[in-house]
Amino acid sequence: MVRVVCQAQQTASAPGKQFNPLLMGAVEALFKFPPFFNAAAKNARGMIIKRAESLGLDWEGAMRDLKAQDWEARMKAVSNPAVQYPSYYTQPFHAYPSGNLCWEAALEVTMAAKSVHAIVMDPAGKQMDPEGDARLRSSYSARLGECLAELGVDPSGVSRIVDLGCATGLSSLELLRAFPSAAVTGVDLSPHFLAVGKYEQERRVAANGGAPEALTLVHGAAEATGLPAGSVDLVSMCLVCHELPQAATKDIMREAFRILRPGGVLCIMEMNPQSAVFQRIFGNPFAYTAFKSTEPWLQEYITLDMPGSMREAGFARVTQRESTPRHKTVVALKQ
Ligand SMILES: C[S@@+](CC[C@H](N)C(=O)[O-])C[C@H]1O[C@@H](n2cnc3c(N)ncnc32)[C@H](O)[C@@H]1O
């Protein structure tokens, strides 16, 4: 059963309230010390691979197959040389020293998503489900549908979608499933992710007898998409805000507001810092340290007032739902 967590107005004072600032400050300081960061990141990556293998996923085999491509040529074909990388982006993420700008991150992302999300449906975070990633994504679509109904938005009027921070397109494909008659434009700053995404798209199209897919992957910054004002019905950001400092999230919300038509919606699926699961993690030095080792902007994210920032960006109404015991779906309407 779906539980309405709260209306946006009621959440505005909540961010950061129950976190342990001393613990977070200490962990932040430790991560400025490279040997500590390197050891914690190595440990976190080892855990992700180990869990993937325990789910029966052939990590090494999949990597071998994927690596047999001319990736540099593929990257050249998708790159926009005018793109500039903000300094918050050129950081280590997810235990990769070059963050999202490396082949390992791009080639491993589908397996890593299956591994990391295997436990998300279990409130205790213990029971592993090989379908956890798929369930997380379909629950986003389901909750999004409920939020649209609440805001009086007709889903049949959604034909132009932009997926900001699409990576290889896992979230874009879920949007195509949820809105089968829509066209999706995926925007990402990483040419590595986009090159792998295009390769996977070519394979899907070939497997479907050449039937084209309504997904276009574009190299660019979500803060400045270059899309015309008022040209989009729905903007989605799936699992992106936790990789951003607050200022960048707010810039992106303003860009989403600009490109949406009146009556359009900004939809965000993200970790829910107010959930009991995350409150438990944030109160535990070991769990928080492991988490922080893969996410440089975690503290900025968990203290972000998301509905308040959406309203600041110009959105008139904001509503939200719990999409898993640790994720939320937040939808804002441009009037
Ligand atoms: C955790 S991944 C989520 C990918 C995908 N949406 C999903 O649900 O699997 C975050 C993605 O956001 C991208 N990203 C981060 N900051 C960005 C920005 N300012 N503009 C465009 N993409 C960005 C990263 O390159 C990465 O691919």
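A quick note: this is a predicted structure, and the numbers were derived from the prediction, not measured.

This part is about the nonpolar core. Within the largest apolar cluster, 50 residues are counted, with the highest numbers of intra-cluster contacts made by Trp 71, Ile 161, Phe 179, Leu 234, Val 265 and Val 331. Looking at this core element by element, the count peaks at 7 residues for helix α6 (residues 103–116). With sequence-adjacent residues up to four places away left out, Leu 234 is seen in contact with Val 158, Arg 160, Ile 161, Val 162, Leu 175, Phe 179, Leu 260, Val 265 and Cys 267. By size, the runner-up hydrophobic cluster in this structure holds 47 residues, among which are Met 24, Phe 93, Leu 244 and Phe 291.

The subject of this paragraph is the side chain of Ser 190. Tracing the chain through its elements places Ser 190 in the loop between β2 (183–188) and α9 (191–207). Residue Ser 190 is classed as buried on the basis of its relative accessible area, which comes to 0%. A distance of 3.1 Å separates a polar side-chain atom of Ser 190 from the backbone nitrogen of Phe 193. If near-sequence neighbours (up to four positions away) are discounted, Ser 190 is found in contact with Tyr 89, Asn 100, Leu 101 and His 219.

On to the UniProt feature "domain: Methyltransferase type" (unreviewed entry) in the chain, then. On the UniProt side, "domain: Methyltransferase type" (unreviewed entry) is annotated at positions that read residues 162–268 here. What you have in residues 162–268 is 37% helix and 28% strand, and the ends, taken at the C-alpha atoms, are 12 Å apart.

About the criteria used
- Residues numbered from 1 in each chain as written.
- Predicted model: local features only at pLDDT ≥ 70, side-chain atom pairs only at ≥ 80, totals over all residues.
- Heavy atoms only, no water.
- Core = buried A, V, L, I, M, F, W, Y, C linked by side-chain atoms within 4.5 Å.
- Buried < 20%, exposed > 50% of the residue type's maximum accessible area, 1.4 Å probe, protein only.
- Helix = DSSP H or I, 4+ residues; strand = E, 2+ residues; numbered from the N terminus.
- Contact = heavy atoms within 4.5 Å.
- Polar contact = N/O pair within 3.5 Å; in protein donor to acceptor, adjacent residues only side chain to side chain.
- UniProt positions renumbered as here; feature names shortened; annotations may be inferred.

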